[in-house]
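Per-entry structural report
Residue-level listing of the chains:
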Amino acid sequence: MDYQFKNCTELLKLCKQYKLSISQVAIRREMECYKKSRAQVRNQMKKVREIMWNAILLGIRSTKKSKYGLAGGDAAKIHGSLKKMSKLLHSKTAIRAMAYAIATNEQNARMETIVAFPTAGGSGVIPGVLFSTYQHMKSSKRKMLEALFGASAIGVAILEHGGTFSAAKAGCQAEVGIACAMAAAGVTEMRSGTPEQCVNAAALALKNMLGLACDPLGGLVEVPCIKRNALGALHAIGASDLSLIGVKSLVPMDEVVEAMMNIAESMSDTIRETALGGLAVTETGLKIRKKMGLKSIPKKYIAYKKCGSCKKCDS
Ligand code: SF4
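Residues numbered from 1 in each chain as written. Predicted model: local features only at pLDDT ≥ 70, side-chain atom pairs only at ≥ 80, totals over all residues.

This part covers the overall build of the protein. When its secondary structure is counted, the protein shows 13 helices and 0 strands. Each helix (α) and strand (β) of the protein, taken in turn from the N terminus, gives the series α-α-α-α-α-α-α-α-α-α-α-α-α. Projected onto its principal axes, the C-alpha positions of the protein cover 70 × 45 × 35 Å. Evaluated residue by residue, the protein yields a buried proportion of 49% over its 315 residues. The contacts in the protein between residues at least 6 apart in sequence include a share of 77% that link residues at least 24 apart. (Helix = DSSP H or I, 4+ residues; strand = E, 2+ residues; numbered from the N terminus. Buried ≥ 20, exposed ≤ 12 C-beta atoms within 10 Å, placed from the backbone. Contact = placed C-beta atoms within 7 Å.)

Within the fold, Glu222 resides in the loop between helix 10 (195-207) and helix 11 (225-245). When the C-alpha positions of Glu222 and Gly72 are compared, they lie 9.5 Å apart, and in sequence the two are 150 residues distant. In this structure Glu222 touches Ser66, Leu70, Ala71, Ala109 and Pro216, once residues within four positions along its chain are discounted.

Let us now look at the site of the ligand. Around the ligand, the structure places 14 residues, and the nearest of them are Gly121, Ala167, Cys172, Cys214 and Cys225. By residue class, the composition of the shell around the ligand is 8 nonpolar, 2 polar and 4 charged. (Near = placed C-beta within 6 Å. Nonpolar A, V, L, I, M, F, W, Y, C, P; charged D, E, K, R; others polar.)

So, about the nonpolar core. Within the largest apolar cluster, 95 residues are counted, with the highest numbers of intra-cluster contacts made by Ala183, Ala184 and Ala202. For this core, the element with the highest residue contribution is helix 9 (residues 176-190), accounting for 11 residues. (Core = buried A, V, L, I, M, F, W, Y, C linked by C-beta atoms within 7 Å.)

With that settled, the discussion passes to the environment of Leu70. Structurally, the position occupied by Leu70 is in the loop between helix 3 (38-61) and helix 4 (74-81). With 39 residues separating them along the chain, Leu70 and Ala109 place their C-alpha atoms 9.0 Å apart. Other than its neighbours up to four places away in sequence, Leu70 contacts Leu217, Leu220, Glu222, Val223 and Ile288.

Before going further, it helps to spend a moment on unusual backbone geometry. In most cases, non-glycine residues show a negative phi, while peptide bonds are predominantly trans. Between Phe117 and the following residue, Pro118, the backbone shows a cis peptide bond with an omega angle of 10 degrees. Among the secondary structure elements, Pro118 is positioned in the loop between helix 5 (92-109) and helix 6 (125-137). For the bond from Val223 to Pro224, the omega torsion is 10 degrees, close enough to zero to count as cis. For Pro224, the location among the structural elements is in the loop between helix 10 and helix 11.

As a further point, take the packing of helix 9 against helix 10. Contact geometry of helix 9 with helix 10 gives a least axis separation of 7 Å together with a crossing angle of 150 degrees. One element, helix 9, and the other, helix 10, form an angle in the roughly antiparallel class. Here helix 9 and helix 10 pass one another in a crossing that is right-handed. Here helix 9 contributes Gly177, Ile178, Cys180, Ala181, Met182, Ala184, Ala185, Thr188 and Glu189 to the contact with helix 10, which in turn contributes Gln197, Cys198, Val199, Ala201, Ala202, Leu204, Ala205 and Leu206. (Axes fitted to C-alpha atoms, helices over the stretch in contact; angles between N-to-C directions. Parallel < 35°, antiparallel > 145°, perpendicular 65-115°, else oblique. Left-handed = near helix turned anticlockwise from the far one by under 90°.)

When the terminal C-alpha atoms of helix 2 (residues 22-34) are compared, their 18 Å separation across 13 residues agrees well with the 18 Å that a helix rising 1.5 Å per residue should span. What helix 2 keeps buried is the set Ile22, Ser23, Gln24, Val25, Ala26, Ile27, Arg29 and Glu30. Buried residues along helix 2 sit against helix 1 (8-18), helix 3, helix 7 (141-160), helix 9 and helix 10. Remark: Lys35 follows helix 2 within two positions and exhibits a positive phi of approximately 50 degrees. (Expected span 1.5 Å × (residues − 1).)

This part covers helix 9. Here helix 9 spans 21 Å end to end across 15 residues, near enough to the 21 Å set by a 1.5 Å rise per residue. Two residues or fewer past helix 9, Ser192 is found with a positive phi of approximately 65 degrees.

Further remarks concern the confidence of the model for the protein. In low-pLDDT regions, the fine details of the predicted coordinates are not to be read closely. Mean pLDDT over the protein: 96, with 97% of residues reaching 70 or higher. At the level of individual helices and strands, the protein shows its lowest average pLDDT in helix 13 (residues 283-291), which scores 96, and its highest in helix 10, which scores 99. (pLDDT = per-residue confidence, 0-100.)

The next subject is the environment of Ile27. Along the chain, Ile27 turns up in helix 2. Take Ile27: there are 24 C-beta atoms within 10 Å of it, and that puts it in the buried class. When sequence neighbours within four positions are dropped, the list of residues in contact with Ile27 reads Arg38, Val41 and Phe149.

See the structure below:
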């Protein structure tokens, strides 16, 4: 087994040893692990690419709401805004990345087909960033495929290093946070970044998502999940830009993963996919819960009291 890696340090060593990009190492690892030919591995990822693109195309056209009406129509709205860009601050690539990310997550909320890459909750970031950049760069389909493999190399390294994609274990830092890291690496590879720049982009992206709570309203993967993917896409693009400019993460990627898992250990259960904390127990979150006919949340989970609610003072 020549192309196995247990973390990003080993991934970079393999890149150096064989003079390969992170995507090429990921392809060879997959061939080795599952005894598949290069064509089989590439064809599998081509299917991923196709399903991702279809979800985007359907998502940007649809205004259909999800079952409880919390999501639907934002992707079409953002995509439509590309025609009147003068009012916006971000680049067309960034706005389109948000539209594509939301399109994917809205399709997920409608129970339509998406690729859970790396998870359903964090499924919008990677296609959002990669397809938008692919269009901006007028890149080739081959490069797009390599970017997907590049993103997957980071996902593998995170899991092999003891990380997780599970929000129940580590909160949203492990879902949207990791999706940002993978997207940042993938898009950096698409932009001809070196393996070091790809991994550095991942570290910059994940560092800034550490501690992110999983707090979905009513337990549905819709609010805040969908918009979190859109803003996560911007985050990944920013991390890639910083890395290509030459800004380095002082803390290396493997240590960032360790930090994520350390934080996970100290995270309250209320913000680990239980919908008992954070945004899920705001006034709005509780109203949604009631509307859905879910059991009310015990008062002990709502630690924050609005000033004045004790009626002991007039302030
Ligand atoms: S808030 Fe929770 S359910 Fe929503 S995307 Fe993040 S981890 Fe997934």
